[in-house]
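# Per-entry structural report
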Amino acid sequence: MQESYEPRSIERDAQAFWNRAGSFRALEDASRPKYYCLSMFPYPSGKLHMGHVRNYTIGDVLTRYYRMRGRNVLQPMGWDAFGLPAENAAMANSVPPAKWTYDNIAYMKGQLKSLGFALDWEREIATCHPEYYKWNQWLFTRLFNKGLAYKKTGVVNWDPVDQTVLANEQVIDGRGWRTGALVEKREIPMYFLRITSYSEELLAALDAMDGWPEQVKLMQKNWIGRSEGVRFGFPYEMDGGRQILYVFTTRADTIMGVTFCAVAPEHPLALRAAQDNSAVATFISQCRAGGVTEAEIAVQEKQGVATGLSVTHPLSGEQVPVWVGNYVLMGYGDGAVMGVPAHDERDYAFALKYGLPIKCVIRHPAGDGVPAPWRAEYAEHGECIHSGRYDGLDYARATDAIAADLSARGLGGKQLQWRLRDWGISRQRYWGCPIPIIHCAHCGDVPVPDAQLPVVLPEDLVPDGSGNPLAKLASFTDCACPKCARPAKRETDTMDTFVDSSWYFARYCCPDNHRSMLDERAQYWMPVDQYIGGIEHAILHLLYSRFFTRALRDEHLLPGVSEPFANLLTQGMVLAESYYSDAGGRRTWINPADVEVARDSKGRILAAKTRDGMDAVYDGIGTMSKSKNNGVDPQALIEKYGADTARLFIIFASPPTSTLEWSDEGVEGSYRFLKRLWSYCARFDKAAPSVAAGSQKATRFEIHAVLRQANYDLQKHQFNTVASAAMKILNALERSSGGRTAVTEDGLSILLRLLSPITPHVCHHLWRELRFGEDVMRAAWPEPDPDALEQDEIEYVVQFNGKTRGSLRAARSADRDALEALLRASTLAQKHAADKIVKRIVIVPGRLINVVL
RNA sequence: GCCGGAAUGGUGGAACUGGUAGACGCGCCGGACUCAAAAUCCGGUGCCAGUGAUGGCGUGAGGGUUCGAGUCCCUCUUCCGGCACCA
């Protein structure tokens, strides 16, 4: 065989072999256990970045491993092809988003192929193809007819200069990214999907999802946010009628401590108060400034204004002033809260700021009063005090009694409350799936009939930043009402791209079916056995997909399937430093590769400059993203070292679930290993068979022990130590002076199979070259031989008072008495315990002896 | 702010259910080969003291449980992810 390792040619040859053999085509086969392995599909942003390489290598390792374990494997790939970056690129380069997207797909597909991933390309999909998004539209009309899709108003970021809606990402420090104008909140009509009708099920099912990380399930649980509490009303008179201000609380036991109520700025009562009170009107309009994200609202200073109105406490009958508070969210509960400053930190701060009374009604661990400053104990449960007939009751009994009394007055009672909100899917953007609705002046919102689907998105438009170009395109908007045939207008909003990605995993099963969304092949493959993707999708994408799978189930498209992903592996983010420059009044992000950095002795960044000497601002370390221009392109790595080295290096760098701060220092080590493997095999190929020498038993033990550990690590998905294991086996083989023996032959065959999922090209080649077989992919996965793992002697760690002082070899069969006798006779005992009293000897069988003095 | 994570040598990371901390790499130091360099190979490498055998210290910080803690418990710090229109 050839003397030197030449990745370029062997990778080309291996890929050609797989192509010819159709190695990665997946066919339904009821006789074999299936393994549907899916990595989250990429957004075609231009080039792959290291996060992609990591994600797809992890998936590829798993599929190649399970294929060798006898599973019928499906691993497809496609493109999350709609989205904002295409519109931004279109504006920057005057190219239609469609062209930009298709060009990117072509380039990135080439990159994926060059990495040798075992993908079934015949199932490729792109969400921007009408054949795909037709089914988004079709399903939407089903949900619309069922009432699971509906229209209401939602709040968006509004750029008053460009007269357009901005994504949260496009709002920087409260200003529009292009215009610099202060962003306002604005309410507009939009379509929502009723995910909340599945709240209970989405929450309850989490408990049985053993294949998901606890961490992700916990995040989803908190996100869905089921809380048991009391919803009740404060009656008031307004405009000559009796009205009720409803609030929800999980602390009904503190109801006698209410000293004010606060409503959201958008609350009807706030709007009514504003009519007569200019201070309220001014405050409400101030609240319109700023972004819409919960994070922004949560960190802003708590502010409020008195409405001058008051409501009646439902139990005490006292008058309670109503305030408008910028921290009250209209989207949660009734958009109003009761204010109990003594036992809620936020209310406490609010009351101190505005001089509202504070009334302590709970005996908490820190006493009967709530002197400033705020202490966490004030919010703890305790028995009621200063609460009239509820005095002395604990949390549960007070809540029951109060709920009962409210109920008797017809003013409320216990209620379940959810944090989860319905999913607003309307986007005022061009590059997305058109929402299939026709607005008719006579018939209202009419869903597009099946025969007219898909509503095709024209692909030749170029957005200019001033709103959706579809809205200006008469050939798109003008249509006939499907019901009454009179002239009507087509909806121009498009769908949130999360809709596209909420069911793509099912479409991979039958991408060629143009007659229905899903068919019986989805029954065969679904659910996905292993889903792999970034931890950043822990909530939204994964929750929406769980919701959609249930919606599909209930449309009889996926009978019996409720959960889309049986097992979930959340890979850690690949992080990189990011730098920007604000030169010229506009923020431009500079690729880290183009920045030169000065650091202090601890590695902290002192100054950064671009290659052409411009000052750059360090913006911390964070996820690789198109918008921050800090993606590291793997192409240079692949070209210099080959795909196998790139794959090995990213796998070896850290366990899949850890975040990884990108650095390609050390990539040489992976390349060196593959070269070393190659040259070992070349020597092995030439060596004459010989008989095993004496040391061979130890080599065999070592190799099989490493294999045992590697197989265990594979189950844990800890692939970095599997790569280590391969290195250890090669080290053992090289150390073994036995040449070509049964032991080294066995060891090498284990090594090539163990490594083949990670570096498939080189292993494919060596497997054939050394005549182990035709195709390593079809070889059986190696298992350790129990005989090889037998040991006659065990090394015991010896500790005195928990400090390790040495070790002791003992027969495998030695019992406690024998070990103690050995220990007493040892020099270790004489040295460390000579004239001391032994209080106790702790023996961990097979491992350790600890002498307590 | 709220929810979820993470922190181990100069560096990426390893350590089975609480049992020899630093596997396997990178870097660095020394050596071999070479006219020389690259590549390759061999040896060393947590920190401090000591010529040395050895001893002390050591897993973000501070407490605790235990014969024994990187691992379990409490408090804190810093960093990362998410927060519903980035994907």
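Refer to the preceding data block for the structure.
Residues numbered from 1 in each chain as written. Chains lettered and ligands numbered in written order. Predicted model: local features only at pLDDT ≥ 70, side-chain atom pairs only at ≥ 80, totals over all residues. Heavy atoms only, no water.

### Overview of the packing of helix α19 (residues 643-653) against helix α22 (residues 719-735)
What counts, and what does not: Axis lines are fitted through C-alpha atoms, for helices just across the contact stretch, and the angle between N-to-C directions can take any value from 0 to 180 degrees. Comment: elements are numbered from the N terminus, with helices defined as DSSP H or I runs of at least four residues and strands as E runs of at least two. Less than a right angle of anticlockwise turn of the near helix away from the far helix marks a crossing as left-handed, whereas a clockwise turn marks it as right-handed. Contacts are assigned to residue pairs with any non-hydrogen atoms lying within 4.5 Å of each other. Note on residue classes: Ala, Val, Leu, Ile, Met, Phe, Trp, Tyr, Cys and Pro are nonpolar, Asp, Glu, Lys and Arg are charged, and everything else, Gly too, is polar.
Where α19 contacts α22, the two axes come as close as 6 Å, and the packing angle between them is 115°. For the pair α19 and α22, the sense of crossing is left-handed. Contact residues: α19 offers Leu648, Ile651 and Phe652, while α22 offers Phe719, Asn720, Ala723, Ser724 and Met727. Partitioned by chemical class, the residues of the contact of α19 with α22 number six nonpolar, two polar and no charged.

### Describing the sheet that holds strand β23 (residues 478-480)
Counted only if it meets this: A pair of strands counts as paired when DSSP detects no fewer than two bridges linking them.
Sheet architecture is open: four strands sit in the order β22-β21-β24-β23, paired in antiparallel fashion. Strands at the two margins of the open sheet, each flanked by one partner only, are β22 (444-447) and β23. The sheet shows a mean angle of 45° between the axes of neighbouring strands, taken without regard to direction. Where β23 meets strand β24 (residues 487-490), three bridges bridge the pair, whose relative direction is antiparallel. The residue bridging Asp478 from the neighbouring strand is Lys489, located in β24. Those strands touched by helix α5 (residues 130-146) are β21 (437-440) and β22, and its axis lies near 130° from that of β22.

### Things to note about the protein's contact with RNA strand B
We apply this condition: Near residues are defined by distance, with any heavy atom within 4 Å of the molecule or strand qualifying the residue. Polar contact criterion, stated in full: a pair of N or O atoms within 3.5 Å, where within protein one must be able to donate a hydrogen and the other to accept it, and residues adjacent in sequence count only if both atoms are side-chain atoms.
Within the structure, RNA strand B sits among 73 residues, and Asp80, Arg429, Ala653, Arg847 and Asn850 are positioned closest to it. Atoms of RNA strand B within 4 Å of the protein belong to the sugar or the phosphate in 64% of instances, the rest to bases. Between RNA strand B and Asn168 there is a distance of 2.7 Å, counted from a sugar or linking oxygen to a backbone nitrogen or oxygen. In this structure, a sugar or linking oxygen belonging to RNA strand B sits 2.8 Å away from a side-chain N or O atom of Asn222. It is α22 that provides the largest number of residues to the surface near RNA strand B, a total of six residues. In the surface near RNA strand B, the residues fall into 29 nonpolar, 25 polar and 19 charged.

### Overview of the pattern of salt bridges
Counted only if it meets this: For this document, the term salt bridge refers to a Lys or Arg side-chain nitrogen within 4 Å of an Asp or Glu carboxyl oxygen. In this scheme, a residue with accessible area under 20% of its type's maximum is buried, one over 50% is exposed, and one in between is partly exposed, where area comes from a 1.4 Å probe on protein chains only.
Considering all chains together, one arrives at 55 salt bridges under this definition. In this structure, the salt-bridge partner of Glu201 is Arg550, at a minimum N-O distance of 2.8 Å. Of this pair, Glu201 sits in helix α6 (residues 199-206) while Arg550 sits in helix α17 (residues 540-554), and the two are 349 residues apart along the sequence. Assessed through its relative accessible area of 27%, Glu201 is described here as partly exposed. On the basis of relative accessible area, Arg550 is assigned to the buried category, the value being 1%. Ionic pairing is found between Lys716 and Asp713, a salt bridge with its closest N-O pair at 3.9 Å. On the accessibility criterion, Asp713 (3% relative accessible area) is buried. Here the salt bridges share partners, and the residues they tie into one network are Glu201, Arg546, Arg550, Arg553, Asp554 and Glu563.

### Let's talk about the sheet that holds strand β2 (residues 72-74)
Taken in spatial order, the four strands line up as β2-β1-β26-β27 in an open sheet, and their pairing is parallel. What marks the edges here is a single partner per strand, and that holds for β2 and β27 (568-571). Strand-to-strand twist across the sheet, computed as the mean angle between neighbouring axes with direction ignored, equals 15°. Both strand β1 (residues 34-39) and strand β26 (residues 530-534) contribute to a ladder of three bridges, which runs parallel. Bridge assignment links Ser39 to a residue of β26, and that residue is Ile532.

### Some details on the packing of aromatic side chains
Aromatic ring pairs are reported here in terms of the distance separating the ring centres and the angle at which the planes meet. The condition that has to hold: Each pair of aromatic rings taken from Phe, Tyr and Trp, with Trp reduced to its six-membered ring, is defined by centres within 6.5 Å and is described as stacked if the planes are under 30 degrees apart, edge-to-face if over 60, and tilted in the remaining cases. To sit over a ring, a charge needs its Lys NZ or Arg CZ within 6 Å of the ring centre and within 35 degrees of the ring normal.
Applying the stated rule across the entire model yields 42 aromatic pairs. Measuring from ring centre to ring centre gives 3.9 Å for Tyr531 and Phe565, while their planes differ by 10°; the resulting arrangement is stacked. In this pair, Tyr531 sits in strand β26 while Phe565 sits in the loop between α17 and β27, placing the two residues 34 residues apart along the sequence. Each member of the pair, Tyr531 as well as Phe565, is classed as buried. Taken together, Phe41, Tyr504, Phe505, Tyr508, Tyr531 and Phe565 form an aromatic cluster joined through their ring pairs. One residue, Arg64, lies across the ring of Trp18, its end atom 4.5 Å from the ring centre. The side chain of Lys152 reaches across the aromatic face of Phe192, ending 4.6 Å from its centre.

### Focus on the side chain of Asn711
Considering the arrangement of structural elements, one finds Asn711 in helix α21 (residues 696-715). For Asn711, a relative accessible area of 8% puts it in the buried group. A distance of 2.8 Å separates a polar atom in the side chain of Asn711 from a polar atom in the side chain of Trp781. Leaving out residues up to four positions away in the same chain, Asn711 has contacts with Arg69, Trp781, Pro782, Glu783 and Pro784.

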